[in-house]
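The chain contents come next:
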Amino acid sequence: MNTSSEILNISTFEIDVIRKDIKNMHLAVYPPTGRIRLSAPARTDSEVVRLFAISKLGWIKKHIKNFKEQPRETKRSFSKGESHYYLGKRYLLDVIEHEKRNSVKLASSKIILYIQKDCTEEQRAHIMKEWYRKELKELVPELILKWEKIIGVTSNDWGIKHMRTKWGACNIDEKRIWLNLELAKKPLICIEYIVVHELVHLLERNHNEKFVKHMDQFMPKWRLHRDLLNSLPVAHNDWGY
Ligand SMILES: [Zn+2]
């Protein structure tokens, strides 16, 4: 499918206009940052697209407001006593200086960060980030296998990405799934929901009725999981580490 994109500025909003081979215009606001995307049939006149966006301004404002009201994590300094999340559970960070390699260990109520003396805040953040990545890498293959069987699809590959505006993505032609590293902080059911969503894209490219039908069939409570995911605090500063 041929797609092209352009940016449309309406009022104070920046809208990504995606032209593709579809029949109707479709507007969506995506968590966590409230990215606005308007999908339009390839040949629709730009003025028609612009007027459509203007007619939906009220709807856009309402949705953006919802995202703005979503709680944000406070900035982390990766020091002792701070709260950090793993699989939806809150842990207190313990920081222990030692001579050996930097590492992270999970205890019952603590995440223990073993670091060398003089480890900077950025280095601590990096160690934590790599730990989240490692944990997610161990956890996800099982989920993909489980849901591939249920949905009846096969993916070729999956990976973890830092994505600013999306929890997941699916490259349908390559059958590759991308997951947002931030998911490691969220409850397992939320990770599972994103895995299911991306795998369902192997059956249906667009978020249309057919897509929703598949979701309802394979994961009847997906809306609850989605709402839980989007109600949780999002990382400070664009997933900032
Ligand atoms: Zn999708």
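Residues numbered from 1 in each chain as written. Predicted model: local features only at pLDDT ≥ 70, side-chain atom pairs only at ≥ 80, totals over all residues.

### Digging into the nonpolar core
Nonpolar side chains tend to gather and get buried jointly when the protein is soluble and globular. Condition: For this analysis, nonpolar core means a set of buried Ala, Val, Leu, Ile, Met, Phe, Trp, Tyr and Cys residues linked through C-beta atoms within 7 Å. Between the buried cut of 20 or more and the exposed cut of 12 or fewer other C-beta atoms within 10 Å of a residue's own C-beta lies the partly exposed class, and all C-beta atoms are placed from the backbone. A run of H or I in DSSP counts as a helix once it spans at least four residues, and a run of E counts as a strand once it spans at least two, with each numbered from the N terminus. Note that contacts rest on C-beta atoms placed from the backbone: two residues are in contact if these are within 7 Å.
Residues Leu-113, Leu-183, Ile-194, Val-195 and Val-196 are the most contacted members of the largest nonpolar core, which totals 28 residues. In terms of residues, this core owes the most to one element, helix α4 (residues 188–200), which gives 8 residues. Sequence-distant contacts of Val-195, defined by excluding residues within four places in its chain, comprise Val-140, Leu-143, Ile-144 and Trp-147. Judged by nonpolar contacts, the second largest core, of 7 residues, contains Ile-36, Ala-40, Ala-53 and Ile-60.

### Re the sheet that holds strand β10 (residues 168–171)
Definition in use: Note on pairing: DSSP must find at least two bridges between two strands before they are called paired. The axes are straight lines fitted to the C-alpha atoms, using for helices just the contacting stretch, and the angles between their N-to-C directions are given from 0 to 180°.
Here 3 strands make up an open sheet; going across it, the order is β9-β11-β10 and the pairing mixed. Looking at which strands have only one partner, the edges of the open sheet turn out to be β9 (157–161) and β10. For this sheet, the mean angle separating the axes of adjacent strands, direction not counted, is 20°. Of the strand pairs in this sheet, β10 and strand β11 (residues 176–180) are connected by 4 bridges, and their pairing is antiparallel. Within the sheet, the bridge partner assigned to Gly-168 lies in β11 and is Leu-179. Helix α3 (residues 121–151) rests against β9 and β11 of the sheet, and its axis sits at about 150° to β9. Seen against the sheet, α4 touches β10 and β11 and runs at an angle of roughly 25° to β10.

### Overview of the sheet that holds strand β7 (residues 103–106)
Strand order in the open sheet formed by 4 strands is β5-β6-β8-β7, with mixed pairing between adjacent strands. One side of each edge strand has no neighbouring strand; the edge strands of this open sheet are β5 (83–86) and β7. Ignoring which end each strand starts from, the neighbouring axes of this sheet average 35° apart. Inspection of the sheet shows β5 paired to strand β6 (residues 89–97) by 4 bridges, in the antiparallel sense. Bridge pairing links Ser-83 to Leu-92 in β6. Its contacts with the sheet put α3 on β7 and β8 (110–115), and the angle it makes with β8 is roughly 125°.

### Some thoughts on unusual backbone geometry
Its identity is not glycine, yet Asp-118 carries a phi of approximately 70°, on the positive side. The backbone of Lys-175 sits at a positive phi, close to 55°, despite the residue not being glycine. As for its placement among the helices and strands, Lys-175 is situated in the loop between β10 and β11. Exposure remark for Lys-175: the 16 C-beta atoms within 10 Å place this residue in the partly exposed category.

### Remarks on the packing of α3 against α4
Rule in force here: For classification purposes, angles smaller than 35 degrees are called roughly parallel, those larger than 145 roughly antiparallel, those between 65 and 115 roughly perpendicular, and all remaining angles oblique. Handedness of each helix crossing follows the sense of rotation of the near helix against the far helix: counterclockwise by less than a right angle gives left-handed, clockwise gives right-handed. The classification used treats Ala, Val, Leu, Ile, Met, Phe, Trp, Tyr, Cys and Pro as nonpolar, Asp, Glu, Lys and Arg as charged, and all other residues, Gly among them, as polar.
In contact at an axis separation of 10 Å, α3 and α4 are set at 50° when each is read in the N-to-C sense. Between α3 and α4, the angle falls in the class oblique. Helix-helix and strand crossings are classified by hand; for α3 and α4 the assignment is right-handed. Here α3 contributes Val-140, Leu-143, Ile-144, Trp-147, Glu-148 and Ile-151 to the contact with α4, which in turn contributes Ile-191, Glu-192, Val-195, Val-196, Leu-199 and Val-200. Residue composition of the contact of α3 with α4, grouped by class: 10 nonpolar, no polar and 2 charged.

### Brief notes about the domain arrangement of the protein
Using the following cut-off: Source of the domain bounds: an automatic or database domain assignment.
Split by domain assignment, the protein resolves into domain 1 (4–68) and domain 2 (83–239). Here the C-alpha centre of domain 2 lies 27 Å away from the C-alpha centre of domain 1.

### Some words on the environment of Ile-111
Relative to the elements of secondary structure, Ile-111 occurs in strand β8. Separated by 17 residues in sequence, Ile-111 and Met-128 place their C-alpha atoms 9.6 Å apart. When residues no more than four places from it in sequence are discounted, the contact partners of Ile-111 are His-84, Tyr-86, Tyr-91, Leu-93, Val-104 and Leu-106.

### Some thoughts on the confidence of the model for the protein
To keep things clear, this is the line we draw: One confidence number per residue, pLDDT, is output by the predictor and ranges from 0 to 100.
On average, residues of the protein score 89 in pLDDT, and 94% of them are at 70 or above. Within the protein, helix α7 (residues 236–239) has the poorest average pLDDT of any element, 39, and α4 the best, 97.

### Considerations on α4
Short version of the rule: For a helix, the expected span equals 1.5 Å multiplied by the number of residues minus one.
Between its first and last C-alpha atoms α4 spans 18 Å; for 13 residues at 1.5 Å apiece the expected length is 18 Å, and the two agree. Burial analysis of α4 places 10 of its 13 residues in the buried class, the great majority of the element. Listed in full, the buried residues belonging to α4 are Cys-190, Ile-191, Tyr-193, Ile-194, Val-195, Val-196, His-197, Glu-198, Leu-199 and Val-200. Among the structural elements, α3, β10, β11, α5 (209–218) and α6 (222–231) are those in contact with the buried residues of α4.

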